[in-house]
Amino acid sequence: MEIINRRQRMSSVARKIRREQDRTVGLVPTMGALHEGHLSLVREARRMCDVVVVTVFVNPAQFGPGEDFEHYPRDLTRDTALLTDYNVDYIFAPTVEEIYPKGFSTYVNVEGLSEQLEGASRPGHFRGVATVVTVLLNTIRPDFAFFGQKDAQQALIIRRLVKDLAFDTEVVVLPIVREDSGLAISSRNLYLTSDEQNSATVIHKALVQAKKAFKEGERNAHRIIDVVRNTIDAEPRARLDYVTVADAETLEKLDRIDERPTLIAVAAYVGKTRLIDNLILNKVKKKDVAAPQ
Ligand code: AMP
């Protein structure tokens, strides 16, 4: 395994693999502090691709003022050890200056999907995400790029970006990996005290309650939202930021749930830590889902 810090080196290595060796390249973009969620993506990349590149880059452009960019957990030594065990071929761990050299002034904005949910709470977040992913896709030109459904909105935005900007990459989105408690695994869980970890399970519990209400026949999105709100409000250490019921493909807010795949997405603070989670209420059977475009 090689750790690459330079964009130019990464680019020439990837070009060589594709052109001279005719091998497929899989990209797993991460911000490091790796956990089982990331590793599920790495495992699938390893299964599907000849060569696996994992990027470890805490992207300043996707953090707002007052967010946790400075404090975000970083441990490249541990990440490297984990990725060695997973037979990853390359870690691309550039510095901020390497991705955003002096004079950098081109940003990518995926309109329509970026403004609501996370985008409303974190203005500019997805502009930062779309920009860095564009730089990574252009540098590496992977055949496949792997993302988690944990960041459902991000996954939709990346699919749109890849389609609109005609990248020759297939986006693969994989399910949310959870603790036994149901808590969605996240690097930010490291911020939680053990009491807060217990409290944080309320987020998934609230989503499960919502799904139960849906399964029992509730189709009014506002009543489903109330189920989530009431469950989270009952946990003293948790504070709801938003809960939204939306079309899982367009993110259009829904009043009534119909046949369309429907996403219910939550962001909540537990103590000072902001966590997100989601689920699809009316999972469409695999054979009914159109192949991603
Ligand atoms: P991050 O390092 O938080 O930027 O995440 C890198 C990638 O891992 C993103 O595509 C995330 O959606 C994905 N990811 C993070 N947590 C999980 C999880 N619990 N389950 C599945 N994928 C995840």
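About the thresholds
- Residues numbered from 1 in each chain as written.
- Predicted model: local features only at pLDDT ≥ 70, side-chain atom pairs only at ≥ 80, totals over all residues.
- Heavy atoms only, no water.
- Axes fitted to C-alpha atoms, helices over the stretch in contact; angles between N-to-C directions.
- Helix = DSSP H or I, 4+ residues; strand = E, 2+ residues; numbered from the N terminus.
- Parallel < 35°, antiparallel > 145°, perpendicular 65-115°, else oblique.
- Contact = heavy atoms within 4.5 Å.
- Nonpolar A, V, L, I, M, F, W, Y, C, P; charged D, E, K, R; others polar.
- Buried < 20%, exposed > 50% of the residue type's maximum accessible area, 1.4 Å probe, protein only.
- Pairing = 2+ DSSP bridges.
- Left-handed = near helix turned anticlockwise from the far one by under 90°.
- Salt bridge = Lys/Arg side-chain N within 4 Å of Asp/Glu carboxyl O.
- 1 Å grid on protein atoms, 1.4 Å probe; cavity = no way out; pocket = protein on both sides within 12 Å on 5 of 7 lines; lining within 4 Å.
- Points joined across faces, edges and corners; volume = space filled by probe spheres on them.
- Phe/Tyr/Trp six-rings, centres within 6.5 Å; stacked < 30°, edge-to-face > 60°.

So, the packing of helix α1 (residues 7-19) against helix α6 (residues 125-140)
Here's step 1: One way to put it is that α1 packs onto α6 with a least axis distance of 7 Å and a crossing angle of 50°. In this view, α1 runs oblique relative to α6, as classed from their interaxial angle. For the pair α1 and α6, contact is made by Arg7, Met10, Ser11, Ala14 and Arg18 and by Val135, Thr139 and Ile140, respectively.
Here's step 2: Here the contact of α1 with α6 is composed, by residue class, of 4 nonpolar, 2 polar and 2 charged.

Examining the pairing of strand β9 (residues 273-280)
Here's step 1: With 8 of 8 residues buried, β9 is to be regarded as a mostly interior element.
Here's step 2: Both faces of β9 are covered, namely the face carrying Thr273, Leu275, Asp277 and Leu279 and the face carrying Arg274, Ile276, Asn278 and Ile280.
Here's step 3: If you look at the hairpin formed by strand β8 (residues 262-270) and β9, you'll find 2 residues sitting between the two strands, and Gly271 has a positive phi there, around 60°.

Description of the packing of α6 against helix α7 (residues 152-164)
Here's step 1: The interhelical angle for the contact between α6 and α7, taken along N-to-C directions, is 50°, at an axis separation of 10 Å. Considered as vectors, α6 and α7 are oriented oblique to each other. Two packed elements cross with a definite hand, and for α6 against α7 that hand is right-handed. Residue-level contacts link Phe126, Val129, Ala130, Val133, Thr134 and Leu137 of α6 to Gln153, Gln154, Ile157, Ile158, Leu161 and Val162 of α7.
Here's step 2: Classifying every residue of the contact of α6 with α7 gives 9 nonpolar, 3 polar and no charged.

Examining the pattern of salt bridges
Here's step 1: Inspection of the entire model under this criterion finds 19 salt bridges.
Here's step 2: One salt bridge in this structure joins Asp89 and Arg46, with 2.9 Å as the shortest N-O distance. Residue Asp89 is found in the loop between α3 (76-85) and β4 (90-92), and its partner Arg46 is found in helix α2 (residues 36-48); the two are separated by 43 residues along the sequence.
Here's step 3: Asp89 sits in the partly exposed class, given a relative accessible area of 24%.
Here's step 4: A salt bridge links Asp247 to Arg260; the nearest nitrogen and oxygen atoms lie 3.4 Å apart. You can see Asp247 sitting in strand β7 (residues 238-247) and its partner Arg260 sitting in the loop between β7 and β8, a full 13 residues away along the chain.
Here's step 5: The class of Asp247 is buried, set by a relative accessible area of 6%.
Here's step 6: Within the structure, one salt-bridge network assembled from shared partners comprises Asp247, Glu252, Asp258 and Arg260.

Structural notes on empty space enclosed by the protein
Here's step 1: This model, assessed by the stated rule, comprises 1 cavity of 30 Å³ or more.
Here's step 2: By volume, the largest cavity is sized at about 60 Å³.
Here's step 3: Broken down by secondary-structure element, the contributors of at least two residues to the lining of the largest cavity are α8 (194-215) and β9.
Here's step 4: Considering only residue class, the lining of the largest cavity consists of 6 nonpolar, 3 polar and 2 charged.

Overview of the packing of aromatic side chains
When we look at a pair of aromatic rings, we describe it by the centre distance and by the angle of the planes.
Here's step 1: What the rule picks out here adds up to 6 aromatic pairs.
Here's step 2: Centroid distance Phe57 to Tyr100: 6.3 Å. Interplanar angle 40°. Geometry classified as tilted. One end of the pair, Phe57, is in the loop between β3 (51-56) and α3; the other, Tyr100, is in the loop between α4 (96-99) and α5 (118-121), and 43 residues separate them in sequence. You'll find Phe57 and Tyr100 in the same group, each marked buried.
Here's step 3: Measuring from centroid to centroid gives 5.8 Å for Phe63 and Tyr72, while their planes differ by 75°, and the two rings are edge-to-face.

Comments concerning the sheet that holds β8
Here's step 1: Strands sit in the order β7-β8-β9 across an open sheet of 3 strands; the sheet is antiparallel. At either margin of the open sheet sits one strand with a lone partner, and together these are β7 and β9. With direction set aside, neighbouring strand axes in the sheet form an average angle of 15°.
Here's step 2: Where β8 meets β9, 8 bridges bridge the pair, whose relative direction is antiparallel. When the sheet's bridge partners are listed, Ala267 is paired in β9 with Ile276.
Here's step 3: Lying on the sheet, α8 is in contact with β7, β8 and β9; it crosses β9 at an angle near 25°.

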